[in-house]
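# Summary of structural features
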Amino acid sequence: MNYRRPTKRRLADCFDDDYGIDKMYKFRVLLPNGTCLSLSFREPDEEMSIEEFVDAIRTEYFRTVKLLDSPRLRRKITWNIKDLYLEDASENKIRSRICFKHFKPHKCHILRLHDGSGDFTDTFEKMWDLTPDTDLLEELPDEYTFETALADLIDNSLQAVWSNGNNERRLISVDITEDRISIFDTGPGMDGSDDHSIVKWGKMGTSLHRLSRGQAIGGNPPYLMPFFGMFGYGGPIASMHLGRHALVSSKTKLSKKVFALHLEREALISSSGSENTWRTDGGIRGPLEDEIQKSPHGSFTKVEIFEPKIKSCDIFQIQCKLKDIYFPYIQCDEVTSTGKSITPIEFQVNDVNLAEIEDGEVATTNLHSCNGPDFVVQLSFHQDTSPAKSPSSKTSTEANARLKFIYFPIVKGKENIDRILQKLEAEGCGIRENYETFSHVSIRRLGRLLPDARWAWLPLMDPRQKKADKARLLKRCFWRVKCFIETDAGFNPTTSKTDLAHHHPYTTALKNFGNKAPEKEKDVSVKIYRDGKQLNLSQLEKDYQNWISQMHDLYDQEIDCGEDEPVLVIDPLNKKQLGVTSNIARVHQIVRMKGLSWKRGDKIKVLKGACAGCHSKNVYATLEYILLEGLQGDLGGGARIICRSLGLPEEKGCLLSLSDGNASLDIRDSLSLPISIIDAGKCLAVESSEWESQLDKQRQKAPSTIDILGAIQCRELGVDGALPVDDLIYAGHVPPDEIIAVIRPASYVPSSASRCLDQKSIIKNNLEMYLEVKFTAEGEDLSHCDHIYSTRIQSSSRNGINGLYIFTLGRKFPKLFQKAGVYIFSFFSGYSNSTKCERRVVVKASLQVERWAVLRDCLSLHYIERVGSCFPPLSIACYDEYSNRVPFISIPELKVKLTVNERVLTHINKMKVELSADKLTLEVKDILIESGELDMIRPSYESNLVISTRDELFSVRVPCQVIPGSLNCATAHTHDIDMNLLPGLVIEKFILELFDKYGNHVKEGMKVVLQVVGLQFQDQIGSKREVNANGCIDLSGLLKVTCSYGKTASISVLSDTGMVVYKKEFHTEGRTPRLASKANIIQTPGGEQDAIYSQRLDENDMIFHDSAPPTSIEYLMESILNDEKGLENDVCKLGLRIGKLEMALNALNDSKVENEEELSELRASLELGALTNLDYLSKEVVLKGIENQGNCAAAVICNHLKEVPSQPQNPFMEDIVGLVALLGTVISNKLSSILAEYLGEDQMLAIVCKTSEAAYALEKYDHNGQIDCEHALYALASTLGKSITGRFSVICLDDIRPYRGEKKVFDPRRMLNLRDPTLPNGKIPPGFLGFAVNMIDLESCHLDTRTFSGHDLRDTLFYRLFGELQVYETREFMKRARPYIKHSAVSLDGGIIRGNGIFSFGHGKPEICFPVVDLETQRLLSVQGIEVLNKIEEKKSNIRLLDAQIGKYTNAHEKALKKFNKKKEKYSKFIQEKTPLLSGYYLEHKSSMDRSQNSPCK
């Protein structure tokens, strides 16, 4: 006995001659740890001890383990002989000796080794050897479809169940899910024996069904003998095509176990090669309950495909396709004598019986066939392979086929084939065919459909071109026939079993059936049988044509008349040209065919090859008449269409005329075509566009279009030409010396430069061409153009090419392209059919800025402006060196000044600058002119307003007149103004010098109203006076004192609005007169009667001249009383006005207090609960952390605000906004920490001020430049018991350049509308959270904090600190987005990119961070805060209005109060001075009255 390991089978091993062959016993031993071994014993003794057999197993096991590369861990095997035993496939246990007589030699037997542990696996590594025969590898199919691969597996199942007995179930069940495909059949099954080995299923070339093919040759149609096996690899190849892993489980009736075979796609591929074997895993298990239930007789095979390649499919479509492929096996009526349909095989797909599926191509086709007899032909093929012709062949071969022709009639004018195609399309089973391309031949082999064997025709089905009238009928009807071919196994399929083998002689003979066999095919003989009788080909053709005629007569429902009343033509002329033979013809103008109406005048296209006369090309024509032979109802009559071809004039077309009631038809030059071309789809209606296209083709050789040669073509011709129409050019571009135009034919299609210069593409006719050049400025309407140049020339030639029109351009107009705009070059020729050609050259302004200028609309105005008023808006444009406007890149920083002769009068800082949307115009508005130097330019006041850039590189100068403003103040010049004047005195010198608000003398000629009290003008001009050239009003010698003694005279200067801008008071003799005793009153002689002169005698006496009238004293007393009354009235009026103003102020203050209380409540509601969550960094914690910083300025500010919140602020604290860390909040601790780390502690503790004055007020310095610690912030620190060491940062809001972009619309947080970073696909980078400047929420108390220019803290402070800092979720997201980070970025997990190549690594833990408000508070703010913020804004607006009104009324109250105090003081002084005089007057007057009454004269 010799033991050896198995080797790969040699070819010689397959041929045993039973002589001299040693007996070889083969065993496959399955070990309990999943290892599979192969043992072979040559000529052993009859018996072998179990110990010796196990020793051989153990030796082979350790050798195999060393060779295996599997990483799988195996459990140890207990090699204790006492516990070891073997078990065969019938579960017989072998414990002592192996008897070889119980095993067949040369067969492989499976034994299972048990080591007593009870632990035995079901799967075994490399259990089966699937190494294929190498010659089969060359026959593998190139590609599969899903349905084809699935059908290959079903073929195996169908052949298996076909061998079942009558009482055994024939079931094929297919289940398709996303993760598994299963094919189950109840066939005989497989096991581990050599005869029924499961290896033969997976091993290519060893199929169990390959040798059964011969049994399927012959028999009766439809040849239901499913011996499809041809190549022996359908199972493994199909399963590996469908998925990555397959499991085949099978059981025979006799075996008690289920044998399993595993196929792994990757494992088989990696093991393929000349030196490797294909070994795969296997297993043995018990049958499952559902397997026993499906197969009551106990045998089955199940193929499971895991990880299928197709993830989703339409199950219904798969059901329909599988039913089409196996239709005769699912339902068939030809295998029983009764003719009833039976179900040979039970097919299920996803638990649906395919016999219940009513859709699919086969079922739909059967439904629409006619009910008449089919035309059936039986063919028998034989190939002569006699030794004389083929010595290597042994016997002749045979094949059989049945041809069943079925007629699909036209019903109600519509083809049933069209109905089939439409129904399949509606069911989702469309076959991508139409009526013209419909496959009229389909083939089944052994009852199985070959899906790709869809042939257009058999030669038998194509009627010969006959002259008989019947041929025209056949040409229409043969389109309605389909041939179904059933073949036996004599025909070979392709490897994928989807078509017949293309070059097989039987396939060729079948395809040519109906033609005379060529010499090379005479080796194959074909016998034709019909109804049991043998026929020749001509007899068959005759029968076939008769059958078609019969089907047409019985079932076709064609329309044999037109849609209109016909005109009968008796014995028409030119029958041959008309194509008719009958003596009667009906002429219609409209007919309905194929569901369409065809009427006179329609444009049609007859396809090439449709009929005689249309062989070379398509014919385009106009339909004229429809000609029907015979009377209505006659059979066999032909039909023709009469049409006039494209280009044929109407007068040469067919003419239908009536004369004396007789009709005649003259076809003339029109065409007569068979109407069958409409049925065949060879006559099509033509759209107007296609018709016009064909008309154009007739003019292809005529001049059509004008083309301008490009730069490449011009260079080939050696010409400096080509208009720069495709490129953007700038002003100053040098125009080409020459422009070359050509006239193209209509057939010309631009393709390449060489094609452009082909003489066939250029018309050589000597025509004239015109060129016109127009220009329109940039931005203007193209309909209004300026004419520049026009000319006309004849064609010429260059480099052997004729038909060139060369226009000289650059030589005549070298400066053509210096002006920006659109230059329009129009070319047109004298030929009427050639279209006008227009080319446009767009010239942009030069990129180099040359100068600035004020737009003409602004320069046309004569600017005369008053000082203190705003200059009208000025529009400034930027120009290049050719005076083309250039857009501004951005808003420049401007310097504005007022100059005279290059001398600067004043610099102007107040203005607004805006840039237009197109950036072409810089608008300078609200230029406020303030200057007190206008006297330098009197009297013309001519000056220049100069606007320039900061570096004065570009500037504009606007001539203007800046005249003084309105009258604002005045001064008086006089020598006598300080003296006490006497009544009647004329002031010798009095000059009023008048000024505007800025100290400029008012303009000469200004009318000024003067108001005098106690004075009188000596001339007749009156109170309105003109200002002289010196800005003065000279009243010297023109003012006379008219008031009495002790009075105040005044002169007031009134403004244009009537306000007093200047008032000068002076007094007459200030002594208080009193009546003395008679001894003290002296009458003086002489003097004027109307004047009272007084001279001082002593300090209490007054002398009256004797010429004074007796009533002078009374007049004086009356004047005093009137003055008293006037003063009293003035005091009362002022008092009433003060009372009204105080009432109004009280009401306004009450309203302001009410609004402030409501504003405080709204702010409190907004902040309620914002900082109470202990999980977040509250403002109080941040504030405490700053206070604990020690000797720093930020701690001093915080302590001061905390200790004295209600006390008046120090002067330097008024404009301090706060600290950076306390001016905003964020929504998370991570964001707070990373933003604080990004800024650094110095900037977090920076003090924020509104103005630079407030910033400088924080520190004072002594005369040595040292910090004075006794003042400002250092003094405050001392009062708090603190000190300030080191430096501290201060941020001035007014000095920050604010954000100039747009804000987000309707956003109460006023976030900046920054553009998010975008990837090339337009999406935002993943992990991007936003911009830091928008992720800071301003404290509610600082929402209305504004700079002088109206910008808030986000525009200024936080935009200055963060800029466009991007915030990302993680470092990884930030790293991926680096190409899209413009400036800098941070991530919540601590990453920092500072831009410009600077990165911050490591980890920091800042002590001072931004306060954190939780998300719930933010949500509350977003939902309710908008309404609260709107109310806050409303209250703040009310408060601002109230403040303005309070200020206005306060100013009025203060002025009234001052006037009241003055009047009151004056009144008191008057009473004090005049009371003694009045008292004396009354006493004297009473004494005089008494004497008068006692006088003797009385």
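Residues numbered from 1 in each chain as written. Predicted model: local features only at pLDDT ≥ 70, side-chain atom pairs only at ≥ 80, totals over all residues. Heavy atoms only, no water.

## A look at the overall build of the protein
Of the regular secondary structure elements, the protein holds 30 helices and 80 strands. Each of the 1498 residues in the protein was classed as buried or not, and the buried ones make up 45%. Across the protein, the fraction of contacts at a sequence separation of at least 24, relative to all contacts at a separation of at least 6, is 69%. If you sum the accessible surface of the protein, you get close to 79,300 Å²; carbon and sulfur atoms cover 49% of it. (Helix = DSSP H or I, 4+ residues; strand = E, 2+ residues; numbered from the N terminus. Buried < 20%, exposed > 50% of the residue type's maximum accessible area, 1.4 Å probe, protein only. Contact = heavy atoms within 4.5 Å. Areas by Shrake-Rupley, 256 points an atom, 1.4 Å probe, with all protein chains shown as cover.)

## Observations concerning the side chain of Lys-1047
Tracing the sequence through the fold places Lys-1047 in the loop between strand E66 (1039–1041) and strand E67 (1048–1054). Residues in contact with Lys-1047, not counting those within four places in the same chain, are Phe-1066, His-1067, Thr-1068, Ser-1119 and Asp-1123.

## Regarding the packing of helix H2 (residues 146–162) against helix H7 (residues 315–325)
Orientation of H2 relative to H7, taken along the N-to-C sense of each, is 55°, at an axis distance of 11 Å. Classed by the angle they form, the pair H2 and H7 counts as oblique. Of the two elements, H2 crosses H7, and the hand of that crossing is right-handed. Listed contacts from H7 to Phe-146, Glu-147, Leu-150, Ala-151 and Ile-154 of H2 are Ile-318, Lys-321, Leu-322 and Ile-325. For the contact of H2 with H7, the class distribution of residues is seven nonpolar, no polar and two charged. (Axes fitted to C-alpha atoms, helices over the stretch in contact; angles between N-to-C directions. Parallel < 35°, antiparallel > 145°, perpendicular 65-115°, else oblique. Left-handed = near helix turned anticlockwise from the far one by under 90°. Nonpolar A, V, L, I, M, F, W, Y, C, P; charged D, E, K, R; others polar.)

## Regarding the confidence of the model for the protein
Scored by pLDDT, the protein has a mean of 80; 82% of the residues are at 70 or more. Here residues 133–140 is modelled with pLDDT under 50, and outside its nearest four sequence neighbours on either side it reaches 16 contacts, counting other chains as well. Confidence drops under pLDDT 50 across residues 388–396; counting only partners more than four residues distant or on other chains, this segment forms seven contacts. (pLDDT = per-residue confidence, 0-100.)

## Topic: unusual backbone geometry
Here Pro-221 and Pro-222 are connected by a cis peptide whose omega angle stands at 10°. Omega for the bond connecting Arg-938 with Pro-939 falls within 30 degrees of zero, at 0°, which places this linkage in the cis form. Within the secondary structure, Pro-939 is located in the loop between strand E56 (927–928) and strand E57 (942–949). In this model, Asn-799 sits at a positive phi of 50°, which is unusual for a non-glycine residue. For Asn-799, the position within the fold is in the loop between strand E43 (796–798) and strand E44 (801–808). For Asn-799, a relative accessible area of 56% corresponds to the exposed category.

## Considering the sheet that holds strand E52 (residues 894–900)
Strand order in the open sheet formed by five strands is E48-E58-E57-E52-E53, and the pairing between neighbours is mixed. Both outer strands of the open sheet, strand E48 (863–866) and strand E53 (903–908), are each paired with one neighbouring strand and no more. Recorded for the sheet is a direction-independent mean angle of 35° between the axes of neighbouring strands. (Pairing = 2+ DSSP bridges.)

## Let's talk about the side chain of Asp-880
Within the secondary structure, Asp-880 sits in the loop between strand E50 (874–879) and strand E51 (885–886). For Asp-880, which is buried and forms no salt bridge, the nearest opposite charge comes from Arg-851, at a distance of 7.2 Å. Within the local environment of Asp-880, its side chain forms a polar contact with the backbone nitrogen of Ser-846, the two atoms lying 2.8 Å apart. Within the local environment of Asp-880, its side chain forms a polar contact with the backbone nitrogen of Ser-883, the two atoms lying 3.0 Å apart. Setting aside its immediate chain neighbours within four residues, Asp-880 contacts Ala-731, Ala-845, Ser-846, Gln-848, Glu-850 and Val-886. (Lys, Arg positive; Asp, Glu negative; His and termini not counted. Salt bridge = Lys/Arg side-chain N within 4 Å of Asp/Glu carboxyl O. Polar contact = N/O pair within 3.5 Å; in protein donor to acceptor, adjacent residues only side chain to side chain.)

## Looking at the packing of aromatic side chains
Applying the stated criterion to the full structure yields 39 aromatic pairs. Residues Phe-1358 and Phe-1362 carry aromatic rings whose centres are separated by 6.4 Å and whose planes lie at 10° to one another, so their mutual orientation is stacked. With Phe-1358 and Phe-1362 both in helix H28 (residues 1354–1362) and four residues apart, this pair spans about one turn of that helix. Assigned by exposure class, Phe-1358 and Phe-1362 land together as buried. Connected via pairs of aromatic rings, a cluster forms that spans Tyr-25, Phe-27, Phe-41, Phe-53, Phe-100 and Phe-103. Between Arg-744 and the ring centre of Tyr-748, over which it is positioned, the NZ or CZ distance is 4.2 Å. Here Arg-851 stacks its cationic end above the ring of Tyr-879, 4.5 Å away from the centre of that ring. (Phe/Tyr/Trp six-rings, centres within 6.5 Å; stacked < 30°, edge-to-face > 60°. Lys NZ or Arg CZ within 6 Å of the ring centre and 35° of its normal.)

## Remarks on the nonpolar core
Among the nonpolar cores identified, the biggest contains 71 residues, and Ile-1186, Leu-1235, Ile-1247, Leu-1357, Phe-1358, Phe-1362 and Phe-1410 are the most heavily contacted of them. Not counting residues up to four positions away in its chain, the partners in contact with Ile-1247 are Ala-1193, Ile-1197, Ile-1216, Gly-1218, Leu-1219, Leu-1258, Leu-1273, Phe-1288, Ser-1289, Val-1290 and Ile-1291. Core analysis: the second largest hydrophobic core is formed by 68 residues, Ala-151, Ala-238, Ile-305 and Ile-330 among them. (Core = buried A, V, L, I, M, F, W, Y, C linked by side-chain atoms within 4.5 Å.)

## Details of helix H23 (residues 1229–1239)
It helps to recall that an α-helix has 3.6 residues per turn; residues three or four apart then point in one direction. Listed as buried for H23 are Leu-1231, Ser-1232, Ile-1234, Leu-1235, Ala-1236, Tyr-1238 and Leu-1239. Elements in contact with the buried residues of H23: helix H24 (1241–1244), helix H27 (1332–1335), H28, strand E77 (1366–1368), strand E78 (1385–1387) and strand E79 (1392–1395). Downstream of H23 by one or two residues, Gly-1240 has phi in the positive range, about 90°.

## Notes on the environment of Leu-224
Along the chain, Leu-224 turns up in the loop between helix H3 (199–202) and helix H4 (234–242). Given the relative accessible area of 10%, Leu-224 is considered buried. For the pair Leu-224 and Tyr-329, spaced 105 residues apart in sequence, the C-alpha separation works out to 7.4 Å.

## Focus on the pattern of salt bridges
In this structure the tally under the stated criterion is 42 salt bridges. The shortest N-O distance in the salt bridge between Glu-307 and Arg-244 comes to 3.2 Å. Of the two residues, Glu-307 is situated in strand E15 (residues 300–308) and Arg-244 in strand E12 (residues 243–251); the sequence distance between them amounts to 63 residues. Owing to a relative accessible area of 40%, Arg-244 belongs among the partly exposed residues under this scheme. Taking the shortest distance from any N to any O, the salt bridge between Glu-1065 and Lys-1063 comes out at 3.5 Å. Put simply, Asp-152, Asp-155, Arg-448 and Lys-497 are held in one network by salt bridges that share partners.

## Side note on helix H21 (residues 1179–1187)
Buried residues of H21: Val-1182, Ile-1186 and Glu-1187, and no others. Along H21, the residues classed as buried sweep out an arc of 140° about the axis, all on the same side. What points out from H21, more than 90 degrees from its buried face, is the exposed set Glu-1180 and Lys-1184. (Arc of directions from axis to C-beta.)

## Observations regarding a positive patch on the surface
Taken together, the side chains of Arg-1137, Lys-1455, Lys-1458, Lys-1459 and Lys-1462 make up a positively charged region of the molecular surface. It is helix H30 (residues 1415–1494) that provides the largest number of residues to the positive patch, a total of four residues. Tracing the backbone shows Lys-1462 in helix H30. (Patch = residues over 30% accessible without salt bridge, like charges linked within 9 Å, V, L, I, M, F, W, Y side chains within 5 Å. Charge placed at Lys NZ, Arg CZ, Asp CG, Glu CD.)

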